[in-house]
Amino acid sequence: MSDSLKVGLPIKYALSYRHKPTADIFFPDSTYNFAPFELVSREYFPTVTNPKGSLDSAIYTLISFEVLPVQELSLPVFVRDNLDCTRVFAPIDYVRLQGTISASGEMDTMSLKKDTQVIPLPQQPNYPLIFLFIIGLSFLGVLTFWFFGTPIKRQIKLFRFKRRYDEYLRLFQRLSRATDDKKKGLENVEKAVILWKKYVERLENKPFTTFTTKEILDNLQDNRLSDALREIDATVYGGIYSKTTASSLNILQELAESLYKKHRQILVQST
């Protein structure tokens, strides 16, 4: 669409083909060799049909880095029928290279055009390096787990074991401090005992939540536990709250702490 071009600057090339409305045609796409040009983009237009036939058109934006004085191009249109596909070439068209440097004398006195302006380029992720980094971390993780897997597992189990105890202790102490509440004091005592039974049940792997007081005493050997449980039973079932109720709850907590330390030691030795 112009008679001259400059190196590295785009130029337009228009291609049209008139054919029978029933014909099946194809225009060159990005897989075609446009040498000595390179394809930048292409634009297709809808088919226009009139009594003269159907007209298909396309405009190609090309670019060239060749320094030939005259450059030529002839693009084909592919016409397909039932048996074959025929290439129909357009007439050869020419463009003239337009130079940007001119010498006003001998070559050794030629003045060169300079352009030292820095053009910032956007950063691009280095996917191969990222992939190798991920592979290296995965391999290092496998080696670490291979050599230090047992200590890591032990520390994870101990961390979870400690976290469950801390959560139990926080709730138990909150309920124990609220036992002197006139409205919900007895309810808080009952909740504290249930919480204690559930925690001990998980440690000992026995159904303490369904045990009677006698069954609890048979499974936990502690001289103070008998009086503490009787005092708590009197508080919960008899509605009789005394100053020793808090002391009884404290005995339950000390027993839970003792069981926690015992099972933690077993966990350390077994893993």
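These notes cover the structure that comes with them. What you see is a predicted model; the values in this text were computed from it and never measured.

Tyr168, Phe172, Trp196, Ile216, Leu220, Leu225 and Leu252 are the most contacted members of the largest nonpolar core, which has 29 residues in total. Among the secondary structure elements, those contributing two or more residues to this core are helix H1 (127-177), helix H2 (185-204), helix H4 (225-238) and helix H5 (244-270). By residue number, the principal contributor to this core is H2, which donates 8 residues. What Trp196 contacts, discounting residues up to four positions off in sequence, is Tyr168, Phe172, Ile216, Leu220, Leu225, Leu252, Leu255 and Ala256. Counting residues in hydrophobic clusters, the runner-up holds 17 residues, among them Ile25, Phe37, Leu62 and Val77.

Where H2 contacts H4, the two axes come as close as 9 Å, and the packing angle between them is 140°. By the angle class used here, H2 and H4 are oblique. Our pair here, H2 against H4, has a crossing hand that is left-handed. Facing H2, whose interface residues are Leu186, Val189, Glu190, Val193 and Trp196, H4 presents Leu225, Ile232, Thr235 and Val236. Among the residues forming the contact of H2 with H4, the class breakdown is 7 nonpolar, 1 polar and 1 charged.

Time to look at a positive patch on the surface. A surface patch of like charges, here positive, comprises Arg160, Arg163, Arg164 and Arg202. Tallying contributions element by element places H1 first for the positive patch, with 3 residues. Relative to the helices and strands, Arg202 resides in helix H2. Classification of Arg202 as exposed rests on a relative accessible area of 58%.

Attention shifts here to a nonpolar patch on the surface. Taken together, the side chains of Tyr127, Ile130, Phe133, Ile134, Leu137 and Leu140 present a nonpolar region at the surface, about 650 Å² in accessible area. Secondary-structure assignment places Tyr127 in helix H1.

A sheet is described by the order of its strands in space; here 3 strands give the open sequence S3-S7-S8, paired in antiparallel fashion. At either margin of the open sheet sits one strand with a lone partner, and together these are strand S3 (24-26) and strand S8 (85-89). The mean inter-strand angle of the sheet, taken between neighbouring strand axes irrespective of direction, is 30°. Two strands pair when backbone bridges link them, and S3 and strand S7 (residues 76-80) are joined in this way by 3 bridges, in the antiparallel orientation. Of the residues in S7, the one forming a bridge with Asp24 is Arg80.

Rules of the game
Residues take numbers from 1 onward in each chain, read along the sequence in its written order. This being a predicted model, a pLDDT of at least 70 is required before a residue's local features are given, and a value of 80 or more before pairs of side-chain atoms are given or counted; all residues contribute to the totals for chains, interfaces and linings. Side-chain metrics rest on all non-hydrogen atoms present in the structure, leaving aside hydrogens and water. To define a nonpolar core, start from buried Ala, Val, Leu, Ile, Met, Phe, Trp, Tyr and Cys residues and group those joined through side-chain atoms within 4.5 Å. Whether a residue is buried, partly exposed or exposed follows from its accessible area with a 1.4 Å probe, protein chains only, as a fraction of its type maximum: under 20%, in between, or over 50%, in that order. To qualify as a helix, a DSSP run of H or I must reach at least 4 residues; to qualify as a strand, a run of E must reach at least 2; elements of each kind are numbered from the N terminus. Two residues form a contact once any of their heavy atoms are found within 4.5 Å. Angles shown run from 0 to 180 degrees and are taken between the N-to-C directions of axes, each axis being a line fitted to C-alpha atoms and, for helices, limited to the stretch in contact. An angle counts as roughly parallel when it lies under 35 degrees, as roughly antiparallel when it exceeds 145, as roughly perpendicular when it falls between 65 and 115, and as oblique in every other case. Take the far helix as the reference: if the near one is turned anticlockwise from it by less than a right angle, the crossing is left-handed, and if turned clockwise, right-handed. Polar here means any residue outside two lists: the nonpolar Ala, Val, Leu, Ile, Met, Phe, Trp, Tyr, Cys and Pro, and the charged Asp, Glu, Lys and Arg; Gly therefore counts as polar. To count toward a patch, a residue needs a relative accessible area above 30% and no salt bridge. Like charges then connect within 9 Å, nonpolar side chains (Val, Leu, Ile, Met, Phe, Trp, Tyr) within 5 Å. What sets the accessible areas is the Shrake-Rupley method with a 1.4 Å probe; for residues, cover comes only from the shown protein chains. Salt-bridge detection follows one rule: a side-chain nitrogen of Lys or Arg within 4 Å of a carboxyl oxygen of Asp or Glu. Residues scored as charged are limited to Lys and Arg (positive) and Asp and Glu (negative), so that His and the chain ends carry no count. The atom standing in for a charge is NZ when the residue is Lys, CZ when it is Arg, CG when it is Asp and CD when it is Glu. Strands were regarded as paired on the criterion that DSSP finds at least two bridges between them.

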